[in-house]
Amino acid sequence: MKNYELLEHTADMGVRAWGATLAAVFENMAQGLYAIALHHPPQDAREKLGLSFNAENPEDLLILFLQELVYLLYTRNLAATRLLITFDSETRLHAQGDFEHIRPENLAVEVKSPTYHKLKISRQNEGWMAEVYFDL
Amino acid sequence: MTPPESELLEQISPYKWRIPKERHPKMRVDGIIYASPALMEDIFRDQALNQVINVAQLPGIIRASLAMPDIHWGYGFPIGGVAAFDMQDGIVSPGGVGYDINCGVRLLRSQLLEKDIAGRLRDLIQVFYHNVPAGVGREGRLRLKASQLLSVLEQGSHWAIKQGYGWQEDLERTEDQGRLRNADSSLISPRAIERGLNQLGTLGSGNHFLELQVVDKIYDSQAAAVLGLFEGQVTLMIHCGSRGLGYQVCEDSLGVLRRSAAKYCLDLPDRQLACAPIQSPEGQNYLNSMAAAANYAWANRQCIMHWVRESFEQVFRQSAEKLGLHLVYDVAHNIAKIETMPEHKGRRTVCVHRKGATRSFPAGHPEVCEPYRAIGQPVLIPGSMGTASYVCLGTEQALQESFGSTAHGAGRVLSRHAALRRTRGRSISQELADQGIYVMARGRGTLAEEAPEAYKPIDEVVETVHQAGLSKKVARLRPVGVVKG
């Protein structure tokens, strides 16, 4: 089973991610973001970071999580090679990540931000699915 | 439930279509779309008309939810969307401006003729490429402290001129003189400052560009003379915006305004249309932080233009003054502003959102700078890579019908992946070279993603706004060299 697929949009792109758990969907969504943003997936982790988020619902939590990854990527040149996500509840998550300092040449496009456009998180069969469109 | 789009529309003139407000129970005003029948076919394929309907549902919207012929699917508002809101009952929304606050275009003219650059085209483009940082992840040449960036946010182009990046005359030839006075830098988050700190004076990527052009057709010789344009003349166009700082201001504001929608009991059809009453603290804070990002964008284009002038000097070994490198005009095409509009026999102050739309004020309007007040505000409409761009003028009809607004560009029709598929196996740079256009791009996939066929035909877009009376053609500019991010 695929972890994610890229969705087309007139000017931008989206990601549809699947996972057995909500945490896996978030991790796979991050992979989808890097598939849009980078020529090559990050591999050589050098820095560990812990991230925590609170929100009113899982959708807001997903947007906050992706906003943080976009910020880290374009401001600190950091992309996660591995993320371990745990939920205290559906509105509170912690992410422990191994991050690579990526070279500017590896940046393929500039992602401005994840958007709420057609944002979706849903249970599917025995797992979860989420869709996010990114403004490029 | 929205009915199928073809059933929504009534054609009310050759270039104007209406979605009557009766077609949707929550629409407060009609939707009006300016498009030729051919462009309408592209518009149907997209879901942008639903976004015109969504905008028509926002509180305090005045007269109509408008769409320009380059409309395509955006976030919240469509790209190419225009809406004005009542100052007492209306809202302001970052979804009506977009992430790239004050993305815009400026045009520089010269005394050079096409024959003067014939043997130097490659040199010029290579020098631009070297002198103007472009491409994703590319840092700028300026090394600013956060405190200096706050001055940029407050002063816009004025900051750049004070630092020596340009001429005093550039200011009056820039929309709002390159500075929105309501900017409040104290509202800008540390994260936005961090994102913007090393990007001032950078072009960015995607559809942003520097383009060397030749004036190849004049439609209005009197107006062209006032603008200093003539056939065969070399011009240079710059298209870029507020970079990461603007994206972060939009993101920060959406977070605040999403909560304020509940606080003010606003029933919104799309979460990306998060908004607040204009007079509320949240609404005012958005307008004032957006203004700060808009000022950053003007300073950005001003610095880039300075390095373009230096690049000409380097190649031609003459001063920019001697080469006649004067700014024709600079327009914002992603912005929300408080403006005064004619209404019945009086006037009304409103908050106009232009998202992928250009201000188009007529001759005599007090907001049009003195050198152009007799002819109207210059409107710059860039084409896609390899196609023409246009210089037009604002009209009285635009002021009366579209809150003084017109189109902003070609408007995308193909997704990036579709463009990559369509151009697989082709060399876009060679195809452009065959048309006499020398192009340099930093990104590997940029040229294919930005291939001319990924966009609507610019001639059709400009003809539509010309025939609809929203702006009048003055000159067509043919590209001869392009720098892309």
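Everything numeric here is computed off the predicted structure, so don't read it as measured data.

### Some details on the overall build of chain B
- When helices and strands are tallied, chain B shows 17 helices and 19 strands.
- Radius of gyration (C-alpha) of chain B: 21 Å, near the 23 Å computed for a compact globule of 485 residues.
- In terms of overall dimensions, chain B has C-alpha extents of about 65 × 50 × 50 Å along its principal axes.
- Burial statistics for chain B: of 485 residues in total, 62% are counted as buried.
- In chain B, the proportion of contacts linking residues at least 24 apart, taken out of those at least 6 apart, comes to 77%.

### Here's the deal with the sheet that holds strand β3 (residues 47-54) of chain A
All names here are of chain A.
- What the three strands build is an open sheet, ordered β3-β5-β4; its pairing is antiparallel. Strand pairing shows two members of the sheet lacking a second neighbour, β3 and β4 (78-89), which therefore form its edges. Within the sheet, the average angular offset between the axes of one strand and its neighbour, ignoring direction, is 20 degrees.
- Where β3 meets strand β5 (residues 92-101), eight bridges bridge the pair, whose relative direction is antiparallel. When the sheet's bridge partners are listed, K48 is paired in β5 with D98.

### Some thoughts on the environment of I79(B)
Residue and element names in this part refer to chain B.
- Take I79: it is sitting in strand β5 (residues 79-86).
- For I79 and G411, which are 332 residues apart along the polypeptide, the C-alpha to C-alpha distance reads 7.9 Å.
- Filtering out sequence-adjacent residues up to four positions away, I79 remains in contact with I71, H72, G74, K355, G356 and G411.

### Observations concerning helix α2 (residues 37-45) of chain B
All names here are of chain B.
- Those residues of α2 not exposed but buried are L39, M40, D42 and I43. The arc that holds the buried residues of α2, viewed along the axis, is 160 degrees, so those residues lie on one side. Projecting away from the buried face of α2 at angles above 90 degrees are the exposed residues P37, A38, E41 and R45.
- If you follow the buried residues of α2, they end up packed against β2 (16-19), β3 (30-34), α3 (48-55), β4 (64-72) and α17 (458-468).

### What to know about the packing of helix α1 (residues 22-37) of chain A against helix α2 (residues 58-75) of chain A
Residues and elements named next belong to chain A.
- Contact geometry of α1 with α2 gives a least axis separation of 11 Å together with a crossing angle of 40 degrees. The handedness of the crossing between α1 and α2 is right-handed. Contact residues: L22, F26, M29, A30, L33 and A37 in α1; P58, L62, F65, L66, L69 and L73 in α2.
- Broken down by class, the residue content of the contact of α1 with α2 amounts to twelve nonpolar, no polar and no charged.

### Re the interface of chain B and chain A
- Counting residues at the interface gives 27 residues for chain B and 21 residues for chain A.
- Those elements that provide at least two residues to the side of chain B that touches chain A are α9 (190-197), α11 (243-263) and α14 (416-422) of chain B.
- Examining the composition of the side of chain B that touches chain A, we find that four residues originate from one element, α11(B), more than from any other.
- Its residues assigned to classes, the side of chain B that touches chain A shows seven nonpolar, ten polar and ten charged.

### Some details on the pairing of strand β1 (residues 10-13) of chain B
Residue and element names in this part refer to chain B.
- Judged from the three bridges that link them, β1 and β2 form a sheet pairing that is antiparallel. Bridging from a neighbouring strand, Q11 pairs with W17 of β2.
- Hairpin connection from β1 to β2: two residues lie between these consecutive antiparallel strands.

### Looking at the domain arrangement of chain B
All names here are of chain B.
- For chain B, the domain assignment lists domain 1 (5-98 + 339-355) and domain 2 (104-253 + 275-330 + 359-484).
- The straight-line distance from the C-alpha centre of domain 1 to that of domain 2 is 25 Å.
- With 35 residues of domain 1 in contact, the opposing surface of domain 2 contributes 33 residues.
- If you list the elements that add at least two residues to the side of domain 1 that touches domain 2, you get α2, β4, β5, β6 (91-92), β12 (334-343) and β13 (346-355).
- Looking at the side of domain 1 that touches domain 2 element by element, the count peaks at six residues for β4.

### Thoughts on the nonpolar core
- Core analysis: the largest hydrophobic core is formed by 166 residues, its most contacted members being F85(B), V92(B), M290(B), A294(B) and V391(B).
- In terms of residue count, the dominant contributor to this core is helix α12 (residues 281-316) of chain B (16 residues).
- Setting aside residues no more than four positions away along its own chain, V391(B) makes contact with L107(B), L227(B), L229(B), P378(B), L380(B), V474(B), A475(B) and L477(B).
- Ranked by size, the runner-up nonpolar core spans 43 residues in total, among them M13(A), L83(A), A95(A) and V111(A).

Procedures and definitions
Per chain, residue numbering runs from 1 following the sequence as it is written. Naming scheme: in the order in which they are written, chains are lettered from A and ligands are numbered from 1. It should be noted that, the model being predicted, local features are given only for residues of pLDDT at least 70 and side-chain atom pairs only at 80 or more, the latter also being counted only at that level, while totals for whole chains, interfaces and linings use all residues. Per the convention used, a helix needs a DSSP run of H or I reaching at least four residues, while a strand needs a run of E reaching at least two, with both numbered from the N terminus. Radius of gyration means the value over C-alpha atoms here, while the globule rule gives 2.2 Å times the residue count to the 0.38 power. Three classes are used. A residue is buried when 20 or more other C-beta atoms lie within 10 Å of its own, exposed when 12 or fewer do, and partly exposed in between, with C-beta atoms placed from the backbone. In this description, any two residues whose backbone-derived C-beta atoms lie within 7 Å of each other are considered to be in contact. Only strands that DSSP links by at least two bridges are regarded as paired with each other. Axis lines are fitted through C-alpha atoms, for helices just across the contact stretch, and the angle between N-to-C directions can take any value from 0 to 180 degrees. Picture the helix axis, draw a direction to every C-beta atom, and the arc is the one those directions span. When the near helix sits turned anticlockwise from the far one by under a right angle, the crossing is termed left-handed; a clockwise turn instead gives a right-handed crossing. Side-chain classes are defined by residue name, with Ala, Val, Leu, Ile, Met, Phe, Trp, Tyr, Cys and Pro counting as nonpolar, Asp, Glu, Lys and Arg as charged, and the others, Gly among them, as polar. Marked domain ranges trace back to an automatic or database domain assignment. Note on definitions: a nonpolar core is a set of buried residues drawn from Ala, Val, Leu, Ile, Met, Phe, Trp, Tyr and Cys, linked by C-beta atoms within 7 Å.

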